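# Topology and contacts: notes
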Amino acid sequence: MTGAAVNPRSRVLVIGGGYSGLRFGRAAAALGAQVWLTRRSDSSEPTGSATEPSLHWLPYDSSQGPPAAPPSDLTHVLVTTPPAPPAGGDAEVGEAVIQHWLRPLRQQPLQWLGYLSTTGVYGDTAGAWVDETSPTTPGLGRSRLRLESEQRWLSSGLPVQSFRLPAIYGPGRCPFNQLRQGTARLVHKPGQVFCRIHVDDIVGALLHCAARPRDQRPPVVNVSDDAPCPSSETLGYAAHLLGCKLPAMQRFDAVAPSLSPMALSFWADNRRVSNRLLCAELGYRLRYPSYREGFAASMREENASGLA
Ligand SMILES: NC(=O)c1ccc[n+]([C@@H]2O[C@H](COP(=O)([O-])OP(=O)(O)OC[C@H]3O[C@@H](n4cnc5c(N)ncnc54)[C@H](OP(=O)(O)O)[C@@H]3O)[C@@H](O)[C@H]2O)c1
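Residues numbered from 1 in each chain as written. Predicted model: local features only at pLDDT ≥ 70, side-chain atom pairs only at ≥ 80, totals over all residues.

### A short note on the site of the ligand
Close contacts around the ligand come from 22 residues, with G16, G18, Y19, S20 and R40 the closest. Among the secondary structure elements, those contributing two or more residues to the shell around the ligand are α1 (19-30), β5 (112-118) and β8 (167-169). A total of three residues in the shell around the ligand trace back to one element, the largest contributor, which is α1. Within the shell around the ligand, the residues separate by chemical class into eight nonpolar, 11 polar and three charged. (Near = placed C-beta within 6 Å. Helix = DSSP H or I, 4+ residues; strand = E, 2+ residues; numbered from the N terminus. Nonpolar A, V, L, I, M, F, W, Y, C, P; charged D, E, K, R; others polar.)

In structure tokens form, the structure reads like this:
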């Protein structure tokens, strides 16, 4: 079987043209592909769309029912939509997305479908390393929903690969503005680390994996950088790049009661995610092996694009 590299003959659909989806769509368009992206509202054009004629926007909101007219002859699909949290809103979003798209996608000449999952499916390992063979014991409700969605996509019969992601950062998603505005918090929890990935390494890993022959694509791939570390370390480096002072260090135990349930949930899991499969076995070379290169590049892009 041959690979499925994105090229000028490719017709690419991104279900969920948000932060990572749009970045992937732009990269596919730069390779010459025709690209369709979905978003929930059609009230306003996303920034830059007027100057990006190869990106076609389609309205799709899983809570409103199936998409009107999916594009035909699709070769590549990326699904970025998250499953809905159990409380509030539509608890079936993950399933609804699959239900809406499975039949139309089965009628397409699909070569590759990427699903964006999360490393939260591994649960808490008290800081120990996990790889793709590790047990999936998600502690958080949203990670349990994610695992269910991932398994449904993987058993769909389509050429699916699931990419498990830690915290996504990049231009517009670094702590620079919080530091500038004085809202950043320097919190220390002994032994706690976080993993992260620059959005352009997600895009790079997706394109790298799609280009492999179908029978040489692992169904599940972690996409994480080489440098799990405490958030105090990354905040310190961001402050260094900005040339500004760090806020005073606070102990996690002292601030925990004031954190929202969502903020608290980010501290619930502690694990180190291995990228050995992606980088050593599949041969992907990270553009940003750590937050140091990634933050510096993000700051340059923010400054150049007026995001700062
Ligand atoms: N952010 C992180 O640090 C992180 C870490 C690990 C995994 N992930 C997961 O990785 C994926 C990509 O992350 P991201 O930060 O790029 O996500 P994002 O910017 O929030 O984009 C998600 C996309 O899904 C669409 N969407 C959400 N709910 C929908 C619904 N009910 N019906 C139809 N479309 C819906 C959004 O539509 P609109 O454009 O209309 O909003 C958006 O285009 C997500 O599934 C996320 O949960 C994220």
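After that view, the rundown keeps rolling.
### Details of the packing of α1 against helix α5 (residues 199-210)
Packed helix pairs are characterised by how far apart their axes lie and by the angle those axes make with each other. Interaxial distance between α1 and α5 falls to 9 Å at its minimum, and their mutual angle equals 55°. Between α1 and α5, the interaxial angle falls into the category oblique. Note on packing geometry: the crossing formed by α1 with α5 is right-handed. Contacts from Y19, S20, R23, F24 and A27 of α1 reach α5 at V199, D200, I202, V203, L206 and L207. For the contact of α1 with α5, a count of residues per class yields eight nonpolar, one polar and two charged. (Axes fitted to C-alpha atoms, helices over the stretch in contact; angles between N-to-C directions. Parallel < 35°, antiparallel > 145°, perpendicular 65-115°, else oblique. Left-handed = near helix turned anticlockwise from the far one by under 90°. Contact = placed C-beta atoms within 7 Å.)

### Description of the nonpolar core
Counting 44 residues, the largest nonpolar core has V79 and L206 as its most contacted members. Within the residue set of this core, elements represented by two or more residues are β1 (11-15), α1, β2 (34-39), β4 (76-79), α2 (93-106), β5, β7 (160-165) and α5. Here this core gets seven residues from one element, more than from any other, and that element is α5. When residues no more than four places from it in sequence are discounted, the contact partners of V79 are I15, G16, V97, L113, Y115, L116 and W153. If you look at the next biggest cluster of nonpolar residues, it comprises eight residues, including Y169, C174, F176 and L235. (Core = buried A, V, L, I, M, F, W, Y, C linked by C-beta atoms within 7 Å. Buried ≥ 20, exposed ≤ 12 C-beta atoms within 10 Å, placed from the backbone.)

### Looking at the pairing of β7
Buried residues dominate β7, accounting for six of its six residues. On β7, burial covers both faces: V160, S162 and R164 on one face and Q161, F163 and L165 on the other are all buried. Sheet analysis places β5 next to β7, joined by six bridges and oriented parallel. If you follow S117 over to β7, its bridge partner there is R164. (Pairing = 2+ DSSP bridges.)

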